[in-house]
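Coordinate analysis (summary)
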Amino acid sequence: MVYAQILINSILLGGIYACIAVGFSLVWGVMNILNIMHGTFLMLGGYVTFWMFKLYGVDPFLSLPVSAVTMFCAGYVVQRGLINKIVRAPMFMSLILTFGLQLLVVRLAIYFFTGDFRSVQPSYAGFSIPLMGLSIPFVRVSIFVLGVVLTSILFWFMGHTRTGRAIRATRMDLDSAQLMGVDIGRIYAITYGIGAAAAATSGSLVSVGFAISPVSDVEFLSKSFIICTIGGLGNITGALAGGLILGLAENFGALYLGPGLQNAIGYVLLILVLFIKPSGLLGRKGFE
Amino acid sequence: MFKPWAHIQWFSMGAGVLALILLPSFVENDEIRKWMDILMVAILATSWNFIGGLTGYPSFAPAAFFGLGAYTTAILMNAGFNFFITLGIGACLGALVALALGVPILRLRGHYFAIATFGVAEFFRELADNLRITGGGDGINLPQITGGPDYFTRFFYFSMLGVAVLAVLTQYFVTRHRLGYGLVAIRENEDAAAMTGVDTTKYKIIAFVLSSIFPAMGGGVYAYRAAFLEPIDVFDVMFSIKAIVMSMLGGVGTVMGPLVGAVMMEYLSDYLWGAFTEFHSAFLGIIIVLVVLFIPRGLMTLSQEVKSRGWGSLGLILKSNIQRFKV
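As the structure is a prediction and not an experimental result, all values here were calculated from the model.

A few points about the overall build of chain B
- Scanning chain B from terminus to terminus reveals 15 helices and two strands.
- The globule rule puts the C-alpha radius of gyration for 327 residues at 20 Å, and the 20 Å found for chain B is close to it.
- Overall size of chain B, expressed as C-alpha extent along the three principal axes, is 55 × 50 × 50 Å.
- Each of the 327 residues in chain B was classed as buried or not, and the buried ones make up 54%.
- Of the contacts made within chain B by residues no fewer than 6 positions apart, 78% connect residues no fewer than 24 positions apart.
- Approximately 14,400 Å² of chain B is accessible, and the part contributed by carbon and sulfur atoms is 66%.
- If you average the places of the 21 positive and of the 20 negative side-chain charges in chain B, the two averages end up 13 Å apart.

Below is the structure:
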């Protein structure tokens, strides 16, 4: 029974992890940017939900669109105004640029929000569904379902809309896409905006089931590193697989090795996968 | 053959070292401590330059080796070893770990290499947080140094200076040796370098090992000076970031660049926002953004361009820098 409970917890956690990593995978896959700001957008999205709940009593699941739209705009501006200037530079430049922005934003967030850990506590927070002797926390299930739905919408968007196709064309060949009349600067800004919106959405979800603080962005960022590396870049199933594997490894690792080493397991997995199959377990060729 | 330029370089380097040796005789302890911090980040930046600047592999491992060296010194000094011997053991341990890790992770390129090195540093931190020998999350105490503040400030200053001089001299000889040219060839085009007979795997591993030795020694000096270590302090990713940013500010891939960057950055942070220590990291962030956008090739290159085209063209140079890589 303990194993069944841990299995369910792992799957629920894995779904959230996948949701966290999707935006990161998109930005990395399309623009070859290792987006250090990803955790920061996630954290800010969580704070949008937190403050709307705290100040106006808005239900956390209703404030999702607000957090997504504000962070889409923020991401769009950041990409258009700053990152687009150095897109063709060695890939390392964009990494260090987003790191600089992350330092700045996190510091400001600590100033305005304080470093305390916050969590949204709606009235149904402690509610859980009993099922055959197992207890399934209601909030985590909702987060899981919403995460999967939103990821599917993104998947559909990438495959079936004009903008989605332009994004994929840009990923395949920057210059050819430009010759076909794609406005690269705009497409890049939209892609980055979508990445930020996805991060913010998962941040809003995380702020309900877990806790956030301005400095927790690094934690989610390194989770994204691990998930994308395990699962591989270039498709959403990769993020899903990576998320599930990490969720399982962390929960079962905590059971056997003690909770202290829970985070270390992720890094061991990361290094092992890089050693055995650097393109990730489900990664497609050409996305290294 | 008489090469005057080489002599001028030797002369200026000697003068610089002499000035740093004489510095403690003229200034207050506070100022000595400041220069000790500058030397520490200069060690990190110079070491990063081996793998990140010359070879073009963006490593986030300096923090890993810095922490490794710090904990080696802490544990061995508690066991009764002499301080300088622990520095040597720390350096050897750093080199061995770099060798063992370098074989798998130097096969990776680009972002995957960056993530792997980041993962290594974080893994070490988690390990130090959980092992008994490191004292876990509670931290570990070191034996206190005996003697007055005048004595131990100078003792740590000269220890740091020694490591820094060693690092810079090593870098100087590497850049003028076959090895250095091989590394630059790998940075410019790894496949082409392999084709022309550079043993890329061996060269990259040597660069990675070199980039690990000096941070480990610097970490040892830091540990003895701090007298108390916590995993979060010494395996801090900010050590890696500072090393990278200072190299970039001065000029990646040159011997002088990281040194210029380290001095500039520490002095800037001291004078511009010494009063706002709380916002130190925010200002660092702004500097990073400005450097990446406007002087991506560093102050050394910028000063050469300004020298050849005159001060009037500074704006033009900065403008062309920001437009070079845009879409």
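There is more to say after this.
Observations regarding the layout of surface pockets
All names here are of chain B.
- Space inside the second largest pocket adds up to approximately 900 Å³.
- What lines the second largest pocket is a set of 35 residues, among which M13, V168, V255, M256 and L259 lie closest to the centre.
- Per-element tally for the lining of the second largest pocket: the top contributor is helix α1 (residues 4-26), with ten residues.
- Tallied by class, residues from the lining of the second largest pocket come to 23 nonpolar, ten polar and two charged.

Looking at the pairing of strand β2 (residues 134-137) of chain A
Residues and elements named next belong to chain A.
- Covered by surrounding structure in β2 are L134 and I136 only, the residues S135 and P137 on the alternate face being uncovered.
- Across four bridges, the pairing between strand β1 (residues 128-131) and β2 is antiparallel. Directly across from I129, in β2, lies its bridge partner I136.
- Counting the residues that bridge the hairpin from β1 to β2 gives two residues, and of these M132 lies at a positive phi of roughly 50°.

Brief notes about the side chain of A:S216
Residues and elements named next belong to chain A.
- Tracing the backbone shows S216 in the loop between α8 (184-209) and α9 (217-231).
- For S216, a relative accessible area of 4% gives the class buried.
- Engagement of the side chain of S216 in a polar contact is seen with the backbone oxygen of S213, the distance being 2.7 Å.

Digging into the packing of aromatic side chains
- Taken as a whole, this structure holds 35 aromatic pairs over all chains when the rule is applied.
- Their ring planes at 35° and their centres at 4.3 Å tell us that B:F66 and B:F239 sit as a pair that is tilted. You can see B:F66 sitting in helix α3 (residues 62-78) and its partner B:F239 sitting in helix α11 (residues 237-250), a full 173 residues away along the chain. The same class applies to B:F66 as to B:F239, namely buried.
- Ring pairing ties together the aromatic residues B:F83, B:F84, B:Y151, B:F152, B:F155, B:F156 and B:Y224, which thus form one cluster.
- Residue placement shows A:R107 over the ring face of B:F279; its charged tip is 5.4 Å from the ring centre.

Rules and cut-offs
Residues numbered from 1 in each chain as written. Chains lettered and ligands numbered in written order. Predicted model: local features only at pLDDT ≥ 70, side-chain atom pairs only at ≥ 80, totals over all residues. Heavy atoms only, no water. Helix = DSSP H or I, 4+ residues; strand = E, 2+ residues; numbered from the N terminus. Rg over C-alpha atoms; globule rule 2.2 N^0.38 Å. Buried < 20%, exposed > 50% of the residue type's maximum accessible area, 1.4 Å probe, protein only. Contact = heavy atoms within 4.5 Å. Areas by Shrake-Rupley, 256 points an atom, 1.4 Å probe, with all protein chains shown as cover. Lys, Arg positive; Asp, Glu negative; His and termini not counted. Charge placed at Lys NZ, Arg CZ, Asp CG, Glu CD. 1 Å grid on protein atoms, 1.4 Å probe; cavity = no way out; pocket = protein on both sides within 12 Å on 5 of 7 lines; lining within 4 Å. Points joined across faces, edges and corners; volume = space filled by probe spheres on them. Nonpolar A, V, L, I, M, F, W, Y, C, P; charged D, E, K, R; others polar. Pairing = 2+ DSSP bridges. Polar contact = N/O pair within 3.5 Å; in protein donor to acceptor, adjacent residues only side chain to side chain. Phe/Tyr/Trp six-rings, centres within 6.5 Å; stacked < 30°, edge-to-face > 60°. Lys NZ or Arg CZ within 6 Å of the ring centre and 35° of its normal.

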